[in-house]
Amino acid sequence: MDILNQLADTFFDWEAMGQVIPKMFAVGLPNTIVLAVVSGIIGTALGMLLALMGISRNAAARWVARIYTDILRGLPPVLTILVIGFGFGPIIRELTGSTSPYPMAIAALSLMSGAYIGEIFRSGIQSVDKGQLEATRALGFSYGSSMRLVVVPQGIRRVLPALVNQFIALIKESSLVFMLGLLATEREIFQIGKDAAANSGNLSPYVAAAIFYLAMTIPLTHFVNWIDARMRAGRPEKKEPDEAAAVVGKGAQA
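Since the structure is predicted, the reported quantities are computational estimates derived from the model, not experimental observations. (Residues numbered from 1 in each chain as written. Predicted model: local features only at pLDDT ≥ 70, side-chain atom pairs only at ≥ 80, totals over all residues. Heavy atoms only, no water.)

### Thoughts on the side chain of Arg187
Stated formally: Under the scheme used here, helices are H or I runs from DSSP no shorter than 4 residues and strands are E runs no shorter than 2 residues, and both carry numbers assigned from the N terminus. Each residue is assigned to one of three classes by its accessible area relative to the maximum for its type, calculated with a 1.4 Å probe on protein chains only: buried under 20%, partly exposed between the two thresholds, exposed over 50%. In protein, a polar contact requires one atom able to donate a hydrogen and another able to accept it; more generally it is a pair of N or O atoms within 3.5 Å, and residues adjacent in sequence count only if both atoms are side-chain atoms. By the convention used here, residues are in contact when the closest approach between their heavy atoms is within 4.5 Å.
Within the secondary structure layout, Arg187 lies in the loop between helix H8 (160–173) and helix H9 (189–200). According to the relative accessible area criterion, Arg187 is buried, its value standing at 14%. One polar contact links Arg187 to Asp195, side chain to side chain, over a distance of 2.8 Å. In contact with Arg187, other than residues within four places in its own chain, are Lys23, Val27, Gly28, Asn31, Leu182, Ile192 and Asp195.

Structure (structure tokens):
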């Protein structure tokens, strides 16, 4: 019982959690969402570019996309954030005069997500039957128009669940940018919990941070499952009323 009480005091101190939750909600949650959404948008654009380069007829473009993807996917996220934040951060600060590491955090997350999203897009595009491209070329479309109007939209539709999964991973990876030393107004959920735990000597703020992350990721996980099931089953067809049955029904009512 002493061990259980000790665990409860260490991880479930409701008073310590109550003190940190308002700050997580007011400061940490908006910053975490901004980091994930902005990085997701930039990473999606970068990923599409990498995917198109990866399937390009230009050998140099394919090699550049391959090398970039292999490096960014092969490095641990922690190392990537440190290299970009502390390696390029001083250069950006000299050029812009800004002391905030927040843009470098977004840049690091964007570059990492772009590598993964690029592979997702590439696999989706290449999964489209080659007959689709050949049919559009036979109709007189150029290669670029065929890819833009027919092949790429189909490929994106096929990988929507994987894209949402990558956004979930991006939300969790945003907790690593605390290493860049964000300003007080830029702190995300994990850093607020970390600072509160360090000040109080209690680990309950970490549990509060975990609750916030679960509140964001669990609905998205179920959303992914819904998208996947919907795409497998297709849209339910609208059944047209049988005209003969309608006539019989009117006669019965008469």
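### Things to note about the pattern of salt bridges
Applied cut-off: Salt bridge, as used here, is a side-chain nitrogen of Lys or Arg placed within 4 Å of a carboxyl oxygen of Asp or Glu.
Per the stated rule, a full pass over the model turns up 5 salt bridges. As a salt-bridge pair, Asp195 and Arg187 come within 2.8 Å of each other at their nearest N and O atoms. Residue Asp195 is classed as partly exposed on the basis of its relative accessible area of 23%. Where salt bridges share partners, they join Arg66, Asp70, Arg73, Glu119 and Arg122 into one cluster.

### Details of the nonpolar core
We count it as follows: Nonpolar core, defined: a set of buried Ala, Val, Leu, Ile, Met, Phe, Trp, Tyr and Cys residues in which side-chain atoms within 4.5 Å join the residues together.
In this structure, Leu35, Ile81, Tyr102, Ala105, Leu109, Met112 and Val177 are the most contacted members of the largest nonpolar core, which totals 16 residues. For this core, the secondary structure elements donating two or more residues are helix H4 (77–96) and helix H5 (102–126). Residue contributions to this core peak at 8 residues, all from H5. Beyond its immediate chain neighbours, meaning those up to four positions away, Ala105 contacts Leu35, Val177 and Leu180. Counting 14 residues, the second largest nonpolar core, distinct from the first, contains Ala208, Phe212, Tyr213 and Met216.

### A few points about the environment of Met17
When you line up the elements, Met17 lands in helix H2 (residues 14–54). Sequence separation between Met17 and Tyr116 is 99 residues; the distance between their C-alpha atoms is 35 Å. Apart from residues lying up to four places away in sequence, Met17 is in contact with Phe11, Phe12, Ser204, Val207, Ala208 and Ile211.

### A few points about the environment of Leu176
Along the chain, the position of Leu176 falls in the loop between H8 and H9. With relative accessibility at 21%, the residue Leu176 sits in the partly exposed group. Sequence separation between Leu176 and Ile156 is 20 residues, and the spatial gap between their C-alpha atoms is 29 Å.

### Looking at a nonpolar patch on the surface
For clarity, the cut-off: Note that patches include only residues with greater than 30% relative accessible area and no salt bridge, and the join distances are 9 Å for like charges and 5 Å for nonpolar side chains (Val, Leu, Ile, Met, Phe, Trp, Tyr). Method for areas: the Shrake-Rupley scheme with a 1.4 Å probe, in which residue coverage is limited to the protein chains shown.
On the surface, Trp63, Ile67, Ile71, Leu75, Leu79, Val83, Phe88, Ile91, Ile92 and Leu95 cluster together into a nonpolar patch covering about 980 Å² of accessible area. Breaking the nonpolar patch down by element, the ones donating at least two residues are helix H3 (59–74) and H4. Considering every element that reaches the nonpolar patch, the biggest residue donor is H4, with 6 residues. Among the structural elements, Leu95 can be located in helix H4.

### Details of the packing of H2 against H9
Our working definition: Orientation is described by axes fitted as lines to C-alpha atoms, over the contacting stretch for helices, and by angles from 0 to 180 degrees between their N-to-C directions. Just so you know the grouping, Ala, Val, Leu, Ile, Met, Phe, Trp, Tyr, Cys and Pro go in nonpolar, Asp, Glu, Lys and Arg go in charged, and all remaining residues, Gly too, go in polar.
The N-to-C vectors of H2 and H9 enclose an angle of 150°; their axes lie 7 Å apart at closest approach. Counted together, Val20, Lys23, Met24, Val27, Gly28, Leu29 and Thr32 of H2 and Ile189, Ile192, Gly193 and Ala196 of H9 form the full contact between these two elements. The residue inventory of the contact of H2 with H9, partitioned by class, reads 7 nonpolar, 3 polar and 1 charged.

### A few points about the packing of aromatic side chains
Test applied: Only the six-membered ring of Trp is used, alongside the rings of Phe and Tyr, when aromatic pairs are assigned; centres must lie within 6.5 Å, and planes under 30 degrees apart are stacked while those over 60 apart are edge-to-face, with the rest tilted.
Taken as a whole and assessed by the stated rule, the structure comprises 4 aromatic pairs. An angle of 45° between the planes, with centres 6.2 Å apart, marks the rings of Phe12 and Trp14 as tilted. Judged by its relative accessible area of 45%, Phe12 is partly exposed. Classification of Trp14 by relative accessible area gives exposed; the value is 61%. Seen in terms of ring centroids, Phe190 and Tyr206 are 5.8 Å apart; in terms of plane orientation they differ by 35°. Their pairing is tilted. Of the two residues, Phe190 is situated in helix H9 and Tyr206 in helix H10 (residues 204–233); the sequence distance between them amounts to 16 residues. Judged by its relative accessible area of 31%, Tyr206 falls in the partly exposed class. Among the aromatic side chains, those forming a connected cluster through ring pairs are Phe178, Phe190 and Tyr206.

### Some details on the UniProt feature "transmembrane region" (unreviewed entry) in the chain
Selection rule: UniProt positions are given in the numbering used here, feature names are shortened, and annotations may be inferred rather than shown by experiment.
Per the UniProt entry, the sites bearing "transmembrane region" (unreviewed entry) are residues 33–53, 74–92, 104–121, 167–185 and 205–227 in this numbering. Taken end to end, residues 74–92 has its terminal C-alpha atoms 25 Å apart, with 89% of it in helix and 0% in strand. The span residues 104–121 shows a helical share of 100% and a strand share of 0%, and its end C-alpha atoms are spaced 25 Å apart.

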